[in-house]
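Descriptive analysis of the structure
Each chain is listed here by its residues.
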Amino acid sequence: MLHRGINFILGFVGFMILIRIFTPAEFGVWVLFISIIAIVEMSRNGFLQNGMIKFLINQSESQERKIQMAALILNAGLTFLLMVVLALLAMPLEKLLNAPGLASLLYIYLLILPLLIFHTHNLILMQAKFDFRAYFFAGIAKSLPFFLVILTYHLTGQPTTLTRLAWLQNLTFAMAMGVSFYQVRRYLKIAWEWSSQSISQVFHFGKFVFGTNLVSMLTASLDKFLLGMLLSPVQVAIANSASRVINMIEIPVNSIASIAYPKASAAHEAHQREEVAHIYHNTIGMMLSLTLPFALICLVFAESIIKIIAGTAYLDAAPFLRILALMCLLSPYDRQSGVILDAIGKPSINMLMVSGTFLYSIVFSWILIQSFGLYGAAYGMVAAVFITVVIKQIILTRYIPVKMELPFILAMKKYPHFVHIAKVKFRL
């Protein structure tokens, strides 16, 4: 939680600074660039993380060496494939997204990707060893130095360019890799041999998570890509201002989801369908108890929020924010239904559902952007997630007793509990 919280705060404040350093058009190009980076990183991490962690726990040293080597081989192979794809698509993406300079930024990023093979490996290894203190320091070593670079430019008033910023980002990534190597040095145990069995284990375990993560990230960035294609990077920058605010709900949603997964998996293994349903309803209720007040704040104070985080030049983002506030109702259902599908051994269905959201988003957003302009992207995203939530609920009823209205009832019941905790805490 501390790692996620600090990374979010650094990213959010960094966004508030960059949006004031660059013009809306320049900032829109940077948003497209970091969206592509996020897709690469999340898909690669998803491919390796679950399988590597699963097969490293409680293994003999010789087997652990084989698993680490298998993970590195797969990591290197996927990274090389991604590098080829990015190199081939850099110029076409620049033209397709109407983003001058995007190709140059991607070419700069390609240079650091081979080093990030080891950084990704090191972070997953720390999780497998339950060394979350080391993971925390290695994790913020990637975000904190880059934030300090941005802050320095802001405080000194020195002019900069997107290209220079990309080179400095590479430098901070290289520093982070050095920190992660230091933190993980005692866990690195690699057998320099080819183990087909170990490679197959990690590959087959990670392929569905890879697909789910890749499509999820594409879906999350789809509004930016379509706005760049159909309108301009200026609209991308405006949409990103609203999206940054809504992304705050991801902190409680993802944190609660990470707790629910192992509990739901254990209940499923024990053939306790009612307990899986109980976990499902209660975790969504907890999420909604936190996201509903946030949605209300966004609906009432949208203009004030945008003025504070982005400035008056981005006030067109306020209606966009109000539309996206509906995601505060949908995201808990969408996230937890996916978690439960994975927990009950249905990751392929989850991947299919995520792919469906991606396809619906393309169709709805493409049509609605041409009808409503900037705001069509928000309408399209909300409509796509709503359809996916309904379909997931129908599918889940085949496996566990689901009641769609129950989480709202549980959410309302949590507020008196919160008040009681506050009274005890502050002795009111």
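A brief structural summary. (Residues numbered from 1 in each chain as written. Predicted model: local features only at pLDDT ≥ 70, side-chain atom pairs only at ≥ 80, totals over all residues. Heavy atoms only, no water.)

Nonpolar side chains tend toward joint burial in soluble globular proteins. Formed by 130 residues in total, the largest nonpolar core has its most connected members in Phe27, Trp30, Phe33, Leu102, Tyr109, Ile246 and Leu321. When residues of this core are assigned to their parent elements, the largest contribution, 16 residues, is made by helix α2 (residues 24-56). The contact partners of Leu321, leaving out residues within four places of it in the chain, are Ala242, Val245, Ile246, Cys298, Ala302, Ile305 and Ile306. Counting residues in hydrophobic clusters, the runner-up holds five residues, among them Val253, Ile256, Ala257 and Val339. (Core = buried A, V, L, I, M, F, W, Y, C linked by side-chain atoms within 4.5 Å. Buried < 20%, exposed > 50% of the residue type's maximum accessible area, 1.4 Å probe, protein only. Helix = DSSP H or I, 4+ residues; strand = E, 2+ residues; numbered from the N terminus. Contact = heavy atoms within 4.5 Å.)

The next subject is a nonpolar patch on the surface. On the surface, a cluster of nonpolar side chains totalling about 570 Å² of accessible area is made up of Phe80, Leu81, Val84, Val85, Leu88 and Leu89. Within the element layout of this structure, Leu81 appears in helix α3 (residues 61-96). (Patch = residues over 30% accessible without salt bridge, like charges linked within 9 Å, V, L, I, M, F, W, Y side chains within 5 Å. Areas by Shrake-Rupley, 256 points an atom, 1.4 Å probe, with all protein chains shown as cover. Salt bridge = Lys/Arg side-chain N within 4 Å of Asp/Glu carboxyl O.)

Attention now moves to helix α11 (residues 317-324). Where burial is concerned, most of α11 is hidden: six out of the eight residues are buried. Among all positions of α11, only Ala317, Ala318, Phe320, Leu321, Ile323 and Leu324 are buried. Contacts from the buried residues of α11 go to α7 (196-230), α8 (233-246), α10 (273-309), α12 (327-343) and α14 (374-396).

The next point concerns the packing of helix α4 (residues 102-128) against helix α5 (residues 132-156). Between two packed helices, both the angle of their axes relative to each other and the distance between the axes serve to describe the pair. The geometry of α4 relative to α5 is characterised by a closest axis approach of 8 Å and an angle of 150° between their N-to-C directions. As far as their axial angle goes, α5 and α4 are roughly antiparallel. Judged by the twist between their axes, the crossing of α4 over α5 is left-handed. Residues Leu116, His119, Leu123, Met126 and Gln127 of α4 form the contact with α5, whose participating residues are Phe132, Ala134, Tyr135, Ala138, Gly139 and Lys142. (Axes fitted to C-alpha atoms, helices over the stretch in contact; angles between N-to-C directions. Parallel < 35°, antiparallel > 145°, perpendicular 65-115°, else oblique. Left-handed = near helix turned anticlockwise from the far one by under 90°.)

This part takes up unusual backbone geometry. With a phi close to 55°, Asn98 is a non-glycine residue in the positive phi region. Inspection of the secondary structure puts Asn98 in the loop between α3 and α4. When its relative accessible area of 35% is taken as the criterion, Asn98 is described as partly exposed. Even without a glycine there, the phi angle at His271 is positive, about 60°. By the secondary structure assignment, His271 is in the loop between α9 (250-269) and α10. By relative accessible area, His271 is classed as exposed at 72%.

Attention shifts here to the side chain of Thr79. With respect to the helices, strands and loops of the structure, Thr79 is situated in helix α3. The residues contacting Thr79, other than those within four sequence positions of it, are Arg44, Leu113 and Ile117.

Moving on: the pattern of salt bridges. Under the criterion given, the structure shown has five salt bridges. Residues Asp223 and Lys224 are paired through a salt bridge, measuring 3.9 Å at the closest nitrogen-oxygen approach. For Asp223, a relative accessible area of 5% puts it in the buried group. For Asp334, the salt bridge identified is with Lys392, shortest N-O distance 3.0 Å. Of this pair, Asp334 sits in helix α12 while Lys392 sits in helix α14, placing them 58 residues apart in sequence. Several salt bridges converge on common partners, so that one network encompasses Glu41, Arg44 and Lys142.

For any pair of aromatic rings, geometry is given as the distance between the ring centres together with the angle between the planes. Counted by the stated rule, this structure contains ten aromatic pairs. Here Phe8 and Phe12 contribute two aromatic rings whose centre-to-centre distance is 5.8 Å and whose plane-to-plane angle is 25°, an arrangement assigned as stacked. Taken as a pair, Phe8 and Phe12 lie in helix α1 (residues 2-21) at a separation of four residues, close to a single helical turn. Between Phe136 and Phe137 the ring centres are 5.1 Å apart and the planes differ by 70°, which places this aromatic pair in the edge-to-face class. A relative accessible area of 15% means that Phe136 is categorised as buried. The partly exposed category is assigned to Phe137, whose relative accessible area is 34%. (Phe/Tyr/Trp six-rings, centres within 6.5 Å; stacked < 30°, edge-to-face > 60°.)

This part takes up α3. Taking 1.5 Å of rise per residue, the 36 residues of α3 would be expected to cover 52 Å, and the 50 Å separating its terminal C-alpha atoms lies within 8% of that figure. Among the residues trailing α3, Asn98 stands out with phi positive, at a value near 55°. (Expected span 1.5 Å × (residues − 1).)

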